[in-house]
Amino acid sequence: MVEVLEDINDERIVVLVAQEDASFTLSPESRRAIEQLGSTLIHDVAWKSSWSFVGQVGISTISQYEALGHVGEVWAPPVAVSRCVPHRLDGEDVLTGLRKEFCDLHDTYGDLCKRSWVKPQPLPDDRHLTVNSLPIVVVSRERGPSLQQALLALFRVPGINPQNILVFQDGYSSEILSLVQQFGVRLLRFPKANSKL
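Residues numbered from 1 in each chain as written. Predicted model: local features only at pLDDT ≥ 70, side-chain atom pairs only at ≥ 80, totals over all residues. Heavy atoms only, no water.

A look at the packing of helix α6 (residues 144-155) against helix α7 (residues 174-183)
Helix packing geometry: the angle between the two helix axes and the distance between the axes.
For step 1, the next point in the chain: As a packed pair, α6 and α7 sit with axes 10 Å apart at the nearest point and diverge in direction by 15°. The pairing of α6 with α7 is recorded here as roughly parallel in orientation. For the pair α6 and α7, the crossing hand works out as right-handed. Contact residues: G144, L147, Q148, L151, L152 and F155 in α6; I176, L179, V180 and F183 in α7.
For step 2, the next point in the chain: In the contact of α6 with α7, the residues fall into 8 nonpolar, 2 polar and no charged. (Axes fitted to C-alpha atoms, helices over the stretch in contact; angles between N-to-C directions. Helix = DSSP H or I, 4+ residues; strand = E, 2+ residues; numbered from the N terminus. Parallel < 35°, antiparallel > 145°, perpendicular 65-115°, else oblique. Left-handed = near helix turned anticlockwise from the far one by under 90°. Contact = heavy atoms within 4.5 Å. Nonpolar A, V, L, I, M, F, W, Y, C, P; charged D, E, K, R; others polar.)

Here you go:
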């Protein structure tokens, strides 16, 4: 697959889909090659996942045309990317605004700063789950990388609503505040038990 992708001319639109056992047949090299086409979810394709993607050779940003379905031990629901696709995919900047400022200040957030941004996955139309209204509390101290991993994992749950995620922080770390702002979730901070008010 890598050789096929490498032989495609610049600016060509590439459409890829996967179902069932793609996770077993996609090599790490293939996944990296697909990531170069603008994919943000190719590394999350697992057994029984369904995945669809529209990318472009030579894209300098991330594609907006990608969907992933995965429900664990059962077959994932069908996914689709149904939009008119322009001749040139502008995509989205990998690092912009507050995220770029955050990444310039902190060098311990590789998953947030060096890979493409992970957005909340939409809930498939045929699923009637209440995950989009489920309140979620994440308890954090001053361990930013661990909090980052927890939030990235939550963002991969189909239908998750960032507005319903509340992070409790023990202390007043500005780094944790900045990290939480990157995800658009809420933060409630408390003074440390041994600190003086």
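Quick look at α7
For step 1, the next point in the chain: All buried positions along α7 are accounted for by I176, L179, V180, Q182 and F183. Around the axis of α7, the buried residues are gathered within 150° of arc, so they sit on the same side.
For step 2, the next point in the chain: Taking the backbone nitrogen of E175 as reference, a side-chain oxygen 3.3 Å away marks S173 as the first, capping residue of α7. (Buried < 20%, exposed > 50% of the residue type's maximum accessible area, 1.4 Å probe, protein only. Arc of directions from axis to C-beta. Polar contact = N/O pair within 3.5 Å; in protein donor to acceptor, adjacent residues only side chain to side chain.)

Thoughts on the sheet that holds strand β2 (residues 49-56)
For step 1, the next point in the chain: If you trace the 3 strands from one edge of the open sheet to the other, you get β1-β2-β3, paired in antiparallel fashion. At either end of the open sheet lies a strand with only one pairing partner, and these are β1 (13-20) and β3 (65-69). Here the average twist between neighbouring strands, direction ignored, is 10°.
For step 2, the next point in the chain: With 8 bridges joining them, β1 and β2 adopt antiparallel strand pairing. Following the sheet pairing, V15 is matched in β2 by V54. (Pairing = 2+ DSSP bridges.)

Notes on the pattern of salt bridges
For step 1, the next point in the chain: Within the structure shown, the criterion is met by 1 salt bridge.
For step 2, the next point in the chain: When the shortest N-O distance is used, the salt bridge between E29 and R32 registers 3.7 Å. Pair noted here: E29 and R32 are both in helix α3 (residues 28-35), with a separation of 3 residues, about one helical turn.
For step 3, the next point in the chain: Assessed through its relative accessible area of 42%, E29 is described here as partly exposed. (Salt bridge = Lys/Arg side-chain N within 4 Å of Asp/Glu carboxyl O.)

Quick word on the sheet that holds strand β6 (residues 186-190)
For step 1, the next point in the chain: Overall, parallel pairing links the 3 strands, which are arranged β4-β5-β6 in an open sheet. Two strands lie at the open edges of the sheet, namely β4 (136-140) and β6, each paired on one side alone. Across the sheet, the mean angle from the axis of one strand to that of its neighbour is 20°, orientation sign disregarded.
For step 2, the next point in the chain: Strand direction decides the pairing type here: strand β5 (residues 165-170) and β6, joined by 5 bridges, are parallel. Opposite L166, over in β6, you have R186 as the bridge partner.

Some details on the environment of V54
For step 1, the next point in the chain: Mapped onto the elements of the fold, V54 is located in strand β2.
For step 2, the next point in the chain: Relative accessible area serves as the criterion here: at 8%, V54 is assigned to the buried category.
For step 3, the next point in the chain: Residue contacts for V54: discarding those within four places in its chain leaves I13, V14, V15, S63, Y65, V85 and L89.

Quick word on the packing of aromatic side chains
For step 1, the next point in the chain: Within the structure shown, the criterion is met by 3 aromatic pairs.
For step 2, the next point in the chain: Taking 5.7 Å as the distance between ring centres and 10° as the angle between the ring planes, the aromatic pair formed by W51 and F53 counts as stacked. Per residue, the accessibility class of W51 equals that of F53, and both read buried.
For step 3, the next point in the chain: Taken together, a centroid distance of 5.7 Å and an interplanar angle of 70° make the contact between F168 and F190 edge-to-face. Note that F168 is positioned in strand β5 and F190 in strand β6, a separation of 22 residues in sequence.
For step 4, the next point in the chain: Taking relative accessible area as the criterion, F168 reaches 24% and is therefore assigned partly exposed. (Phe/Tyr/Trp six-rings, centres within 6.5 Å; stacked < 30°, edge-to-face > 60°.)

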